[in-house]
Amino acid sequence: MSAQSPAVVVLPAQPQQEPELPVPRPFSRTNLLRTLATGYVPLIIATLVVFLPLLWMLLSSFKQPGEIVTTDLKILPDSLNLENYATAMTTVPFAQFFANSLIVTAVGSTIKVVLAVLTAYALVFVRFPFKNVIFVLILVALMVPAQVSILPNYILIAGMGGKNTLWGIVLPGLGTAFGTFLLRQHFLTLPPSILEAAEIDGAGHWRRLWQIIVPVSLPSVATVALVTVVSEWNDYIWPLIITDRPETMTLPVGLTLLQNSEGNGSGWGILMAGAVLVIVPILLVFAALQRYIVAGLTQGSVTG
């Protein structure tokens, strides 16, 4: 018998491994420079762009006229003079302006949020014809600038007798395309099983909306409410056009009367004080509730 030749085993070719790049240490010079250039520097620049004008306005509200209108730049006031604030609150009916802004913001924001919730629920959970077409029209309204509708709104509201009235300020802006879009996108991420269980139990649309959908969507609803409150409080163009009497003016529009009463250079400090009084309440509300914006905008963005 002939001796059998040994079997030859052919091993598969091993893929060539690419050399691993060295990972920079956390506190190395390269890593620190990269972090500063791509993280901290843009963040600091963006913060300064937003914060420096507000800081200048706040400091100028305590300055005397000679410290503002001068060829020598003075950043800090010589003293914390509250006379500008007292003048701003007594020269114009500040309390009336504040009450008007409070009423317009509270009523307008409440109606806007309720309409946004109802519209978004209908677009997601209610079956009716041309639902997608209506949603496309809402997106179109979101893209169209608000200034385009100023003239038609003025003709309509003035013809209805809404000039120099608070309801005339509130009525044209009751629809919020942004709120409807944001809530619709969030409602789409909700599991349908919770609604199916409620439907089996005999719950109608109204009960499903307020007892199930809204409670689990509070961050998104709070986001829409907060953005709406800020926009309503700071709205200037439409209240300026539809009102020309101090009894119905809001705070931003009331500053125009303050400017007219202090037409010379001595009124800059008073105008700055009035602007601070306008933005401080909404800044406090925004700072206290801003976490809801982050939670609402990111809710439903991560799926498992």
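Residues numbered from 1 in each chain as written. Predicted model: local features only at pLDDT ≥ 70, side-chain atom pairs only at ≥ 80, totals over all residues. Heavy atoms only, no water.

Asker: Just to check I follow, could you spell out the overall build of the chain for this structure?
Answerer: Regarding its fold elements, the chain presents 14 helices and zero strands. Walking the chain from its N terminus toward its C terminus, one meets helices and strands in the order α-α-α-α-α-α-α-α-α-α-α-α-α-α. Counting all 304 residues of the chain, 31% fall into the buried class. The long-range share in the chain, meaning contacts at least 24 apart out of those at least 6 apart in sequence, stands at 70%. With an accessible surface of roughly 19500 Å², the chain has 68% of that area assigned to carbon and sulfur atoms. (Helix = DSSP H or I, 4+ residues; strand = E, 2+ residues; numbered from the N terminus. Buried < 20%, exposed > 50% of the residue type's maximum accessible area, 1.4 Å probe, protein only. Contact = heavy atoms within 4.5 Å. Areas by Shrake-Rupley, 256 points an atom, 1.4 Å probe, with all protein chains shown as cover.)

Asker: What should I look at first to understand the packing of helix α8 (residues 177-187) against helix α11 (residues 218-234) in this one?
Answerer: If you want to describe how two helices pack, look at the angle between their axes and the distance between the axes. Closest axis-to-axis distance for the α8/α11 pair is 10 Å, and the angle between their directions is 170 degrees. Between α8 and α11, the angle is such that the two are roughly antiparallel. Seen from α8, the contacting residues are Phe-178, Gly-179, Leu-182, Leu-183 and His-186; seen from α11, they are Ser-220, Val-221, Thr-223, Val-224 and Val-227. (Axes fitted to C-alpha atoms, helices over the stretch in contact; angles between N-to-C directions. Parallel < 35°, antiparallel > 145°, perpendicular 65-115°, else oblique.)

Asker: So what exactly am I meant to see when it comes to the packing of aromatic side chains here?
Answerer: Inspection of the entire model under this criterion finds six aromatic pairs. Relative to Tyr-85, the ring of Phe-62 has its centre 5.5 Å away and its plane inclined at 45 degrees; by these criteria the two rings are tilted. Of this pair, Phe-62 sits in the loop between α1 (29-60) and α2 (65-68) while Tyr-85 sits in helix α3 (residues 83-91), placing them 23 residues apart in sequence. Centre to centre, the rings of Phe-125 and Phe-187 are 6.1 Å apart; their planes meet at 40 degrees, and the pair counts as tilted. Of this pair, Phe-125 sits in helix α4 (residues 94-125) while Phe-187 sits in helix α8; the two residues are 62 residues apart in sequence, bridging distant segments of the chain. (Phe/Tyr/Trp six-rings, centres within 6.5 Å; stacked < 30°, edge-to-face > 60°.)

Asker: What should I look at first to understand the confidence of the model for the chain in this one?
Answerer: Scored by pLDDT, the chain comes out at a mean of 82, with 85% of its residues at no less than 70. Mean pLDDT values over the elements of the chain span from 77, in α2, up to 93, in helix α7 (residues 166-170). Note that residues 300-304 has pLDDT below 50 and, in this model, one contact with residues that lie over four places away or in other chains. (pLDDT = per-residue confidence, 0-100.)

Asker: Explain empty space enclosed by the protein to me, please; I cannot follow it from the model alone.
Answerer: Empty space among the atoms becomes apparent when a probe as large as a water molecule is rolled across them. Following the criterion strictly, the structure yields one cavity of 30 Å³ or more and no others. In this model, the largest cavity occupies a volume close to 40 Å³. Lining of the largest cavity is provided by Ala-88, Val-92, Phe-94, Phe-97, Leu-251, Gly-254, Leu-255, Leu-258 and Gly-274. Contributing elements (two or more residues each) for the lining of the largest cavity: α4 and α13 (251-261). Of the residues forming the lining of the largest cavity, the biggest block, four residues, is contributed by α13. (1 Å grid on protein atoms, 1.4 Å probe; cavity = no way out; pocket = protein on both sides within 12 Å on 5 of 7 lines; lining within 4 Å. Points joined across faces, edges and corners; volume = space filled by probe spheres on them.)

Asker: Hey, could you run me through the environment of Pro-219 in this one?
Answerer: Examined against the element boundaries, Pro-219 turns out to sit in helix α11. Taking the C-alpha atoms as reference points, Pro-219 and Arg-291, separated by 72 residues in sequence, lie 9.0 Å from one another.

Asker: What is the right way to read the pattern of salt bridges from this model?
Answerer: Between side chains of opposite charge, pairing is possible as soon as their charged atoms come close. With the rule as written, the count across this model stands at two salt bridges. Between Lys-112 and Glu-232 there is a salt bridge, and its shortest N-O distance comes to 2.8 Å. You can see Lys-112 sitting in helix α4 and its partner Glu-232 sitting in helix α11, a full 120 residues away along the chain. With respect to class, Lys-112 is no different from Glu-232; both count as buried. The closest approach of N and O atoms between Asp-244 and Lys-163, which form a salt bridge, is 3.8 Å. You can see Asp-244 sitting in the loop between α12 (237-242) and α13 and its partner Lys-163 sitting in the loop between α6 (150-159) and α7, a full 81 residues away along the chain. (Salt bridge = Lys/Arg side-chain N within 4 Å of Asp/Glu carboxyl O.)

Asker: Help me out: how do you make sense of α8 in this one?
Answerer: Helical periodicity: at 3.6 residues per turn, an α-helix aligns residues three or four positions apart in one direction. In terms of burial, α8 is a largely internal element, eight of the eleven residues being buried. Restricting attention to buried positions, one finds in α8 the residues Ala-177, Gly-179, Thr-180, Leu-182, Leu-183, Arg-184, His-186 and Phe-187.

Asker: It is not clear to me how the side chain of Glu-67 should be interpreted in this structure. Could you clarify?
Answerer: Checked against the element boundaries, Glu-67 lands in helix α2. By relative accessible area, Glu-67 is classed as buried at 8%. Beyond its immediate sequence surroundings of up to four residues, Glu-67 is in contact with Lys-74, Leu-76, Pro-77 and Asp-78.

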